[in-house]
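# Residue-level structural notes
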Amino acid sequence: MGLLHAWRMQKLTSDARTAFASGDMTFVAGFDIDTRARVSMRAIRKEIDKIITAVEPIGWECVGVQPFLASVHIEFVRRA
C-alpha cells in the first residue's frame, strides 16, 4: 500500500490546495473500505486522522466524518 497510498495522499492535498485557492467554501474527502479484507476500526480511524492532519494545515477545518455504505466521507469548510 506504500507508494499507492503516498500518491493518493499527495493527490488529496493537491486537490485541497486547488479548492482552497479557487475560493471554494467546502471540500469533501473520502476513501473506500474493502469489505472483504476485514479492516479494523482502528485502521479506519487511523486513516481518517491521516487525512484530517494532511488537509487542515492548508486552511480547511473538519466539520464531519460520516460512513456511507463501504466508504467514509470527511467534510471540511474553509477556516474563518
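Above this text is the structure in question.
Residues numbered from 1 in each chain as written. Predicted model: local features only at pLDDT ≥ 70, side-chain atom pairs only at ≥ 80, totals over all residues. Heavy atoms only, no water.

### Comments concerning the packing of aromatic side chains
Definition in use: Pairing of aromatic rings covers Phe, Tyr and Trp, the last through its six-membered ring, and needs centres within 6.5 Å; plane angles under 30 degrees mean stacked, over 60 mean edge-to-face, and all others mean tilted. Helix numbers and strand numbers start at the N terminus; a helix is a DSSP run of H or I with at least 4 residues, a strand a run of E with at least 2. Exposure classes here rest on a 1.4 Å probe applied to the protein chains alone. A residue is buried below 20% of its type maximum, exposed above 50%, and partly exposed in between. We count a charge as sitting over a ring when the NZ of a lysine or the CZ of an arginine lies within 6 Å of the ring centre and within 35 degrees of the ring normal.
Applying the stated criterion to the full structure yields three aromatic pairs. Ring plane angle 80° and centroid distance 5.6 Å describe the contact between F20 and W60, whose orientation is recorded as edge-to-face. Here F20, found in helix α1 (residues 2-21), pairs with W60, found in strand β2 (residues 60-68); they are 40 residues apart in sequence, far enough to count as distant. Given a relative accessible area of 0%, W60 falls into the buried group. A network of ring pairs unites the aromatic residues F20, F27, W60 and F76 as a single cluster. Sitting above the plane of the F20 ring, R78 keeps its charged end 4.0 Å from the centroid. Positioned above the aromatic ring of W60 is the side chain of R78, whose terminal nitrogen or guanidinium carbon lies 5.8 Å from the ring centre.

### Quick look at the nonpolar core
Going by this rule: Here, nonpolar core refers to any group of buried Ala, Val, Leu, Ile, Met, Phe, Trp, Tyr and Cys residues whose side-chain atoms link them within 4.5 Å. What makes two residues a contact is simply this: any of their non-hydrogen atoms within 4.5 Å.
Residues F27, I51, V55, W60 and F76 are the most contacted members of the largest nonpolar core, which totals 17 residues. Counting residues per element, the ones that place at least two in this core are α1, β1 (26-32), α2 (41-55) and β3 (71-78). Among the elements that make up this core, the one with the highest residue count is α2 (five residues). Sequence-distant contacts of I51, defined by excluding residues within four places in its chain, comprise M9, L12, A29, F31, I74 and F76.

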